[in-house]
Amino acid sequence: MSKEKIVLLDGNSLAYRAFFALPLLTNDSGIHTNAIYGFTMMLQNILNEEKPTHMLVAWDAGKTTFRHSTFGEYKGGRQKTPPELSEQFPYMRKLLDAFQITQYELDQYEADDIIGTLSKAGDAKGVEVVVISGDKDLTQLASEHTTVCITRKGITDLEVYTPAHVMEKYGITPIQIIDMKGLMGDASDNIPGVPGVGEKTALKLLKEYGSVEKVYESLDLISGKKLKENLTLNEDQAFMSKKLATIEVEAPVTITIDDLQYKGPDEETVKSLYEELKFKTLLEKMSSADEVDVPVEKIDVRIEQDTESLHLADAMAFHIEMYDENYLASDITGISMTDGESIIYIPIEQVKQSAKLKEWFGNTNTKKYTTDSKAAYAALMRYGIEVNNFDFDLLLATYIASPSSSYTDVASVAKEFGYSAIESDETIYGKGAKKKLPEERILADHAGRKAQAVWKLKPIMEKKLRENEQFELYHELEMPLAKILGKMESTGVKTDLGILQQIGLELSTRLAELESIIYEMAGQTFNINSPKQLGEILFEKIGLTPIKKTKTGYSTAADVLEKLESEHEIISFILTYRQLGKLNSTYIEGLSKEIHSDGKIHTRFQQALTQTGRLSSINPNLQNIPIRLEEGRKIRAAFVPSEPGWIMYAADYSQIELRVLAHMSQDEKMIAAFRDDEDIHTKTAMDVFGVDKDSVSSDMRRTAKAVNFGIVYGISDYGLSQSLNITRKEAQKFIDTYLATFPGVKQYMEDIVADAKLKGYVVTMMNRRRYLPEITSSNFNLRSFAERTAMNTPIQGTAADIIKKAMIDMDARLKAEKMEAKMLLQVHDELIFEAPEHEIAMLNKIVPEVMEAALELDVPLKVESAYGLSWYETK
DNA sequence: CGTGTCACG
DNA sequence: ACGTACGTGACACGG
């Protein structure tokens, strides 16, 4: 056991320091976080640097202390604690709890006194003590065993005061600091001292006489008439000031040094708190920094050169090691495998030549456990290896068990579930420009550890999933889907570069025209794409009325500009410029770059990312190709079948979220509307406005549609007012009428929020969970957001469950029918296929059939489909 | 690398 | 009173 080291922190002082050192940061939930953030930084720094065995954070107790009975105006005239800081204290305390650091406060005493008392106790035991504060007064505690660190500028820079340093800096001993304060006073604590005596005079007097008492004993010897007069007149005040500045070292503290043992943070709780506070950098640091400290146990990985004599078990964990995260493009460096006993690593050269390995992966009887089965499937596919019978996927298991934890690499997941021997990929490969391939031995060990982690984590994760009744969701929905998505990604979508370029040419011409018109109207050239410059032109030079502000200046968002259209003719040109610029940069230029040598775009679907169970699409995103405006919609003409004589086929669920809501809420009227196959928005308008079908105006239908959307999103009067451009009062009236019309929906919304408060999470029909810890928060914003999420997630998530199920069924059906048609894309409520023309009739039959039967609800699911020679024509 | 904006469901 | 509709990803800008 190493020597004891006690760190004592002055909580209030450091919190103030952090608060004023950092700008007033607000996280996106609306709470101020600058002091919490700074405090956390300090804390982590201290823990890293000092490595204490014992630790305490002392807080000031209430308003009055024993010092006030000595001097009523003690700390008088001090600014009240700003409310922006006050609101942050509870979080700092929570954070300390999560770090499992002892906190202490004592009625009538300040943090100083607690620290003084405990540091003296430590001194007496001969233990090393480190005191940390932003208040220089504490330097009086410096001694042989006690060092005092005072924050310098910024938040992590500390000045270390040992008795030697105090002597060097002031020429006095630490204990004389008290005398110094007695003579010169302290403006910040409202300690008066002796008028006319500042730091220089005080130090001079102390160097000569030693203490306040000695100074007064030797008054006659002091030179300087004015000084002598001041000292004489303020004798009582000098002694009182000294008393006030003296830190109590015998305060009646009820804890002892043994109570301060520090055993390290509770990582889970710290992490969830960081997540709550949106401390992204600290979150990332947490996983990488901690791993350095983990003693990495030896691992015995055999690098296989001869794979034909290899023995491969019937169930094995494996990991495909790749240099780049994009498994659709990056080369495999090697494969690690384990059967729970030995661990092997097969370099890619051996993998390529091994018939045995290929047989094992393809074998439908051997079970495969891995970190990311979709990546493994797609990557091995490129090497001509087909994988069958995945039986464990760490990425998906983690996602289902805890969707909020963002999965960066195997190391972080493994760590979270108690297996911490893996280094982060960043540690192994380096990052940024320094990223490079390490030598084979290091790579083999690293990959080997991952396979080992998969093996060890399988039973733990499966148990957890079974406990939560999520095993089926994971094993029968997400796992089979992973492979299907892998196929879709590998297949890719054929993209006609010529069409993109042609549209691009037209866009460029029009953009140039718009640009010169805008410059002329503005009377100068400027960067239209810069919100800052655009704001200055519109609201300062031209003098339009600013409607909304952002953190950094004027808002120039489309909804703002639209309100200004009547004020100046430049606005409509800017709006068009923005719209076309977006098409050009994101879709024409962006997509062109993504076309591979096979003439196709291969997006990747993220299956373990969204909080609701939806997929997302990246590199590029094919789930947000324009459709609403005709000019953008034309982009879809570039997405074409990969073979001559084939067609594109698209099928989408009609109103799937509202149908899910009808089912889940069991609202009679809504169920009836869908059963009768009515236009739901028109029906809503009829009921809400109390008119018959023929009297529903297009405006009424539009309003009803917006309210329906609002209901799905977790309605708020403000949100609806924004979308309809009406007042909040009017919006609230619509909501009230709506909920009175659909009492089942009202009941459901109330129940789901109440249930979420009780359980801490909400579930979809297939038992997908979303945890909502903030639903009980006292912060209005956080709580309201969680409440809306509670209403929205079961709906959006169930819709996601349904289409995932449809994709699995669809894949099986295409196979059963021996069709050539290929599923290419999923866009939340629609599926896009390509197929030979002669399969159209069959697709028209089976696609709607399968999609509509994916899950049985109390309302029918309805699918609409279309086909054509490009994605554009599937309308 | 954070912010603003805008594309989709 | 509080100040937002739910879920995503990509691009340009500017410190």
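Fair warning: this is a prediction, and the values are worked out from it, not measured in the lab.

**Overview of the overall build of chain A**
- Tallying secondary structure elements over chain A gives 36 helices and 22 strands in all.
- Across chain A, every contact between residues at least 6 apart in sequence was considered, and the portion connecting residues at least 24 apart equals 67%.
- Approximately 40,300 Å² of chain A is accessible, and the part contributed by carbon and sulfur atoms is 50%.
- Counting 102 positive and 134 negative side-chain charges, chain A places the centres of these two groups 2 Å from one another.

**Thoughts on the UniProt feature "domain: DNA-directed DNA polymerase family A palm" (unreviewed entry) in chain A**
- As annotated by UniProt and renumbered to match this structure, "domain: DNA-directed DNA polymerase family A palm" (unreviewed entry) occupies residues 632–839.
- End C-alpha to end C-alpha, residues 632–839 measures 29 Å, and it is 59% helix and 12% strand.

**Some points on the protein's contact with DNA strand C**
- Contacts to DNA strand C come from 38 residues, most closely from Asn527, Ser530, Ser616, Phe780 and Arg788.
- A breakdown of the atoms of DNA strand C within 4 Å of the protein gives sugar and phosphate a share of 56%.
- A distance of 3.5 Å separates a sugar or linking oxygen of DNA strand C from a polar atom in the backbone of Tyr713.
- Contacts to DNA strand C include Ser723, whose side-chain N or O atom sits 3.2 Å from a base nitrogen.
- Listed by contribution, the elements that provide at least two residues to the surface near DNA strand C are helix H26 (570–593), strand S16 (616–618), helix H31 (698–713), helix H32 (717–724) and helix H35 (780–816).
- Top contributing element to the surface near DNA strand C by residue count: H35, with 7 residues.

**Details of the packing of aromatic side chains**
- Using the criterion set out here, one finds 18 aromatic pairs in the structure.
- Seen from their ring centres, Tyr323 and Tyr429 are 5.8 Å apart, and the 75° between their planes marks the pair as edge-to-face. Of the two residues, Tyr323 is situated in the loop between strand S8 (315–322) and strand S9 (332–338) and Tyr429 in helix H20 (residues 425–429); the sequence distance between them amounts to 106 residues.
- For the pair Phe471 and Tyr474, a centre-to-centre distance of 5.7 Å together with 65° between the ring planes defines the contact as edge-to-face. With Phe471 and Tyr474 both in helix H22 (residues 471–491), this residue pair falls 3 residues apart, about one helical turn. Each member of the pair Phe471 and Tyr474 is classed as buried.
- What links up through ring pairs into an aromatic cluster is the set Phe318, Trp360, Phe361 and Phe390.
- Geometry around Tyr429 places Lys435 over its ring, the cationic atom sitting 5.9 Å from the centre.
- The ring of Phe471 is capped by Arg466, whose NZ or CZ atom sits 3.9 Å from the centre of that ring.

**Considerations on the sheet that holds S9**
- Here 6 strands make up an open sheet; going across it, the order is S7-S10-S9-S8-S11-S12 and the pairing mixed. The sheet terminates laterally at strand S7 (301–303) and strand S12 (390–393), the two strands that pair on one side only. Each strand of the sheet is rotated relative to its neighbour by a mean of 25°, with strand direction disregarded.
- Inspection of the sheet shows S8 paired to S9 by 6 bridges, in the antiparallel sense. Along S9, the bridge assignment pairs Glu321 with Gly334.
- Strands in contact with helix H18 (residues 394–401) are strand S11 (367–370) and S12; relative to S12, the strand with the most contacts, it is inclined by about 55°.
- Lying over the sheet, helix H21 (residues 440–467) contacts S7, S8, S9, strand S10 (343–347), S11 and S12, oriented at roughly 135° with respect to S8.

**Some words on the protein's contact with DNA strand B**
- Neighbouring DNA strand B are 23 residues, the closest being Thr556, Arg578, Ile627, Arg628 and Asp829.
- Each atom of DNA strand B within 4 Å of the protein was classed as base or backbone; sugar and phosphate made up 75%.
- Take Lys551: an N or O atom from its main chain is 3.2 Å from a phosphate oxygen of DNA strand B.
- Ala558 is positioned such that a nitrogen or oxygen atom in its backbone is 2.9 Å from a phosphate oxygen of DNA strand B.
- Among the elements that take part in the surface near DNA strand B, H26 stands out by supplying 4 residues, more than any other.

**As for the domain arrangement of chain A**
- The domain architecture assigned to chain A consists of domain 1 (5–171 + 247–260), domain 2 (301–493), domain 3 (498–590), domain 4 (650–656 + 799–874) and domain 5 (657–798).
- Of note, the centres of domain 1 and domain 4, computed from C-alpha atoms alone, are 63 Å apart.

**Looking at the packing of helix H17 (residues 373–381) against H22**
- Closest axis-to-axis distance for the H17/H22 pair is 8 Å, and the angle between their directions is 40°. Taken as axis vectors, H17 and H22 run oblique relative to one another. The hand of the H17/H22 crossing is right-handed. Of the residues in H22, those in contact with Ser373, Lys374, Tyr377 and Ala378 of H17 are Ala482, Lys483, Leu485, Gly486, Lys487, Glu489 and Ser490.
- For the contact of H17 with H22, a count of residues per class yields 4 nonpolar, 3 polar and 4 charged.

**Focus: the sheet that holds strand S22 (residues 863–868)**
- Spatial strand order, S20-S21-S17-S22: 4 strands in an open sheet with antiparallel pairing. Looking along the sheet, the strands with just one partner apiece sit at the ends: strand S20 (822–826) and S22. Averaged over all pairs of adjacent strands, the angle between strand axes in this sheet comes to 20°, irrespective of strand direction.
- Looking at chain direction, S20 and strand S21 (residues 830–836) are connected through 4 bridges and run antiparallel.

**Concerning the nonpolar core**
- Core analysis: the biggest nonpolar cluster contains 173 residues, and Met337, Phe361, Tyr653 and Met670 have the highest contact counts within it.
- Those residues in contact with Tyr653 that lie beyond four places of it in its chain are Ile802, Ile803, Ala806, Asp829, Met851, Ala854, Leu861, Lys862 and Val863.

**What to know about the environment of Asn621**
- Along the chain, Asn621 turns up in the loop between S16 and helix H27 (630–633).
- A residue is classified by how much of its surface remains accessible, and Asn621, at 30% relative accessible area, is partly exposed.
- When the C-alpha positions of Asn621 and Ile840 are compared, they lie 27 Å apart, and in sequence the two are 219 residues distant.
- Among the polar contacts listed, one links the side chain of Asn621 to the backbone nitrogen of Gln623, at a separation of 2.7 Å.
- Among the polar contacts made by the side chain of Asn621, one reaches the main-chain amide nitrogen of Asn624 at a distance of 3.5 Å.

The rules behind the values
- Residues numbered from 1 in each chain as written.
- Chains lettered and ligands numbered in written order.
- Predicted model: local features only at pLDDT ≥ 70, side-chain atom pairs only at ≥ 80, totals over all residues.
- Heavy atoms only, no water.
- Helix = DSSP H or I, 4+ residues; strand = E, 2+ residues; numbered from the N terminus.
- Contact = heavy atoms within 4.5 Å.
- Areas by Shrake-Rupley, 256 points an atom, 1.4 Å probe, with all protein chains shown as cover.
- Lys, Arg positive; Asp, Glu negative; His and termini not counted.
- Charge placed at Lys NZ, Arg CZ, Asp CG, Glu CD.
- UniProt positions renumbered as here; feature names shortened; annotations may be inferred.
- Near = heavy atom within 4 Å.
- Polar contact = N/O pair within 3.5 Å; in protein donor to acceptor, adjacent residues only side chain to side chain.
- Phe/Tyr/Trp six-rings, centres within 6.5 Å; stacked < 30°, edge-to-face > 60°.
- Buried < 20%, exposed > 50% of the residue type's maximum accessible area, 1.4 Å probe, protein only.
- Lys NZ or Arg CZ within 6 Å of the ring centre and 35° of its normal.
- Pairing = 2+ DSSP bridges.
- Axes fitted to C-alpha atoms, helices over the stretch in contact; angles between N-to-C directions.
- Domains from an automatic or database assignment.
- Parallel < 35°, antiparallel > 145°, perpendicular 65-115°, else oblique.
- Left-handed = near helix turned anticlockwise from the far one by under 90°.
- Nonpolar A, V, L, I, M, F, W, Y, C, P; charged D, E, K, R; others polar.
- Core = buried A, V, L, I, M, F, W, Y, C linked by side-chain atoms within 4.5 Å.

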